[in-house]
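Single-letter residue listing:
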Amino acid sequence: MLRHLSIRDFVIVTTLELEFEPGFTVFSGETGAGKSILIDALALTLGARADATIVRIGQARAEITAEFTLSDHARHWLAEQALDDTEHDSVLLRRLIDASGRSRAFINGTPATLTQLREIGEMLVDLHGQHAHQLLMRPQAQRSLFDLHAGLTPLANETAQAWRSWRDAMNATQTAADANREMQLEREQLIWQLDEFDQLAPQLGEWDAVNAEHRRLTHAASLIQSVQNALEILSESDQAMLPQLGALIAQLRAQAQIDDQLADALAALEPAEIQISEAVHTLNHYAQRLELDPARLTQTETRLNALHSSARKFRVPPEALPAEHAARHARLAALDAVTDAERLHADETYARTHYEKLAQQLSKARAQAAQTLSAAVTASMQDLSMAGGRFEVALVPLAQTAPETTHPLGNAHGFEHIEFRVASHASVPLRPLAKVASGGELARISLALSVITSTANPTPTLIFDEVDSGIGGAVAEVVGRLLHQLGQQRQVLCVTHLPQVAARGDTHLRVTKQATSSEQVVSLVTSLDQHSRVEEIARMLGGIEITATTRQHAQEMLAV
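Attention in this report is confined to the structure presented alongside it. (Residues numbered from 1 in each chain as written. Predicted model: local features only at pLDDT ≥ 70, side-chain atom pairs only at ≥ 80, totals over all residues. Heavy atoms only, no water.)

Secondary structure summary: the chain contains 21 helices and 15 strands in total. Counting every position in the chain, which comprises 560 residues, the buried fraction comes to 42%. Of the contacts formed within the chain by residues at least 6 apart in sequence, a portion of 70% connects residues at least 24 apart. For the chain, the computed accessible surface area is about 29,600 Å², with 52% contributed by carbon and sulfur atoms. (Helix = DSSP H or I, 4+ residues; strand = E, 2+ residues; numbered from the N terminus. Buried < 20%, exposed > 50% of the residue type's maximum accessible area, 1.4 Å probe, protein only. Contact = heavy atoms within 4.5 Å. Areas by Shrake-Rupley, 256 points an atom, 1.4 Å probe, with all protein chains shown as cover.)

Encoded structure:
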């Protein structure tokens, strides 16, 4: 339930603080006073789009805050979004729009997105706009309203998703069939390429390793000669460095016992002996492994040529051959999967079966709900000065509506087209609502649908923004009674020009315009007591001049 609405610098509203009660609340006032502006302001807190034109002239920004009592559904949603306020049993929605058109939103003081505002708003408020009857002319609006009233929106959404999955599966099968020849040619090419790759069997890092081995084998003779020369100089000749260095170190070690100033020189020579000794050991180990091997040299040259030839053929660097081998294996596997006609057909069959199952469930549920809604609206039409009128929710098989464009089994919305049909008199046949209903009849039927569908909607607050336009007299009294009855179950807010509707309100708010000292016009809202209500109802009845007769009539209307 809406508890409080705060508006600042919004269009022609300077500052406004409104407290709301349960039951049926009506807003009345002259045309242009700002009644619908209040509804527009509230809609902004529920996620409606905004622009800079809503900011009152000369001000930096507009600010709207709305406080709602929480329903269980909304409380659970806030907890999931980590936006709940454990200290209060309410939710605070706030919207700021600056003069440049930028907008910010908050839920319980935490920054939020417009999507989040819309999601929580749908759980708190059900808004019926003044152009709702015009929307009824659209088939999509009729289907959405019917499914919402019947509680079938989740099943309808699931059916639509199943349809899209089936469509995607059909497209995949068709794509595979269309591209089958091209893919088959590519597959055959890959098979012979992979046969060559498999015979070559390139290994990761092999190109660098074979190149290094080839260089070593090619220069084996010069490597052997160089190693032997090094060993001769270091350790094997009569004048080799290592024995002479050892003798020198031994001599200096003995002399250092006499004069310790030789210790520094000795300390520098001893590591040199160790390093030369380690070099000799390494060279001996290398010399043992190094030999002339013409056969192995031939093998490495053959392998290098094979790798290089394949690299040229497949137009990749030799070192990239292993990666290219793996990539072509993966591509062949992908083609095998795409061209798996049996699997694709099985996927399509499953998707189709799943869609048909959901669509059949939806059709069955719609058939039951259509009878209920048709009877309820027909009954309301009798009270709305359409005696003998009939209303029907027709479920028309799609093949009868667009056989040349619709899949024979259905579409994303199921197996049938939803069509509202009406007969204004008992003597005329039922025909589509969009073709036969006059403006007044359409307004009355729309109002009946709004009231009936709202009864099935668990949303705690219902708003009717001039949905009673186009009706009057006895019909207006019926509308007032219907909205008052609805207000016993839910909080109902209604913007109206009809005194018959305004007189049935539990709370009556009057909206007026007033000129300020700065020659600007601002909107004011006043809560009316019993005396003020008589004056306002009399104004709505009689126009500019209020007479004793209109006052008496107003008192009689309020006394009912």
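Now that the structure has been shown, the text picks up again.
This part covers the environment of Gln488. Relative to the helices and strands, Gln488 is located in the loop between helix H18 (473–487) and strand S13 (491–495). For Gln488 and Phe24, which are 464 residues apart along the polypeptide, the C-alpha to C-alpha distance reads 7.6 Å.

Core analysis: the largest hydrophobic core is formed by 46 residues, its most contacted members being Ile7, Phe10, Phe27, Phe68, Leu93, Ile107 and Ile120. The residues contacting Phe68, other than those within four sequence positions of it, are Met1, Leu2, Arg3, Leu42, Leu46, Ser90, Val91, Leu93, Leu124 and Val125. Counting 28 residues, the second-largest nonpolar core is a separate cluster that includes Val26, Ala448, Val492 and Val534. (Core = buried A, V, L, I, M, F, W, Y, C linked by side-chain atoms within 4.5 Å.)

Right, let's talk about empty space enclosed by the protein for a bit. The full count for this structure, using the stated rule, is 1 cavity of 30 Å³ or more. Of all elements in the fold, only strand S1 (2–10) and helix H1 (35–45) reach the threshold of two or more residues within the lining of the largest cavity. With 3 residues, the top contributor of residues to the lining of the largest cavity is H1. Each residue belonging to the lining of the largest cavity can be placed in one class, and the counts come to 9 nonpolar, no polar and no charged. (1 Å grid on protein atoms, 1.4 Å probe; cavity = no way out; pocket = protein on both sides within 12 Å on 5 of 7 lines; lining within 4 Å. Points joined across faces, edges and corners; volume = space filled by probe spheres on them. Nonpolar A, V, L, I, M, F, W, Y, C, P; charged D, E, K, R; others polar.)

One key point about sheets: their strands pair by backbone hydrogen bonds, in either a parallel or an antiparallel sense. Judged by pairing direction, the sheet is mixed, and its 6 strands sit side by side in the order S8-S12-S13-S3-S14-S15 without closing on themselves. A strand with exactly one partner marks an edge of an open sheet, and here the two such strands are strand S8 (125–128) and strand S15 (521–527). Adjacent strand axes in the sheet meet at a mean angle of 15 degrees when their direction is disregarded. When strand S3 (residues 24–28) meets strand S14 (residues 507–515), the two strands line up parallel, connected through 4 bridges. Its bridge partner lying in S14, Ser28 is registered against Arg510. Contacts from H1 reach S3, S8, strand S12 (461–465), S13, S14 and S15 within the one sheet, and its direction differs from that of S12 by about 140 degrees. (Pairing = 2+ DSSP bridges. Axes fitted to C-alpha atoms, helices over the stretch in contact; angles between N-to-C directions.)

Our focus in this paragraph is the packing of helix H20 (residues 530–542) against helix H21 (residues 548–559). With their axes 8 Å apart at the nearest point, H20 and H21 run at an angle of 115 degrees to one another. Of the two elements, H20 crosses H21, and the hand of that crossing is right-handed. From H20, Gln530, Arg533, Val534, Glu535, Ile537, Ala538, Leu541 and Gly542 reach across to H21, where they touch Thr550, Arg551, His553, Ala554, Gln555, Met557 and Leu558. (Left-handed = near helix turned anticlockwise from the far one by under 90°.)

On inspection of all chains with the given rule, the structure shows 22 salt bridges. For Arg75, the salt bridge is made with Asp72, and the minimal N-O distance between the two is 3.1 Å. Here Arg75 pairs with Asp72, and both are found in helix H2 (residues 72–80), just 3 residues apart, close to one helical turn. Exposure remark for Arg75: the relative accessible area of 33% places this residue in the partly exposed category. (Salt bridge = Lys/Arg side-chain N within 4 Å of Asp/Glu carboxyl O.)

A few words now on unusual backbone geometry. The backbone of Ala82 sits at a positive phi, close to 60 degrees, despite the residue not being glycine. Relative to the helices and strands, Ala82 is located in the loop between H2 and strand S5 (90–98). Exposure remark for Ala82: the relative accessible area of 62% places this residue in the exposed category. Positive phi is not limited to glycine here, since Arg315 has a value of about 55 degrees. Residue classification places Arg315 among the exposed residues on the basis of a relative accessible area of 78%.

This part takes up the layout of surface pockets. Of the voids in this model, the second largest pocket is the one considered here, and its volume is about 200 Å³. Residue lining of the second largest pocket: 13 residues in total, with Arg143, Asp147, Ala156, Asn157 and His413 positioned closest to the centre. Elements represented by at least two residues in the lining of the second largest pocket include exactly helix H5 (139–149), helix H6 (153–178) and helix H14 (341–383). A total of 5 residues in the lining of the second largest pocket trace back to one element, the largest contributor, which is H5. Residue composition of the lining of the second largest pocket, grouped by class: 5 nonpolar, 5 polar and 3 charged.

What follows covers the side chain of Arg533. With respect to the secondary-structure elements, Arg533 resides in helix H20. Only 3.2 Å separates the side chain of Arg533 from the backbone oxygen of Gly505, close enough to count as a polar contact. The residues touching Arg533, leaving out its near neighbours within four places in the chain, are Ala502, Ala503, Arg504, Gly505, His508, Leu528 and Leu558. (Polar contact = N/O pair within 3.5 Å; in protein donor to acceptor, adjacent residues only side chain to side chain.)

Attention now goes to the sheet that holds strand S11 (residues 431–432). Strand order in the open sheet made by the 3 strands is S9-S10-S11, with antiparallel pairing throughout. In this open sheet, the two strands that pair with only one neighbour each are strand S9 (390–397) and S11. Judged from the 8 bridges that link them, S9 and strand S10 (residues 416–423) form a sheet pairing that is antiparallel. Looking across to S10, one finds that Leu395 is bridged to Ile418. Where H5 meets the sheet, its contacts fall on S9 and S10, and the angle it forms with S10 comes to roughly 95 degrees.

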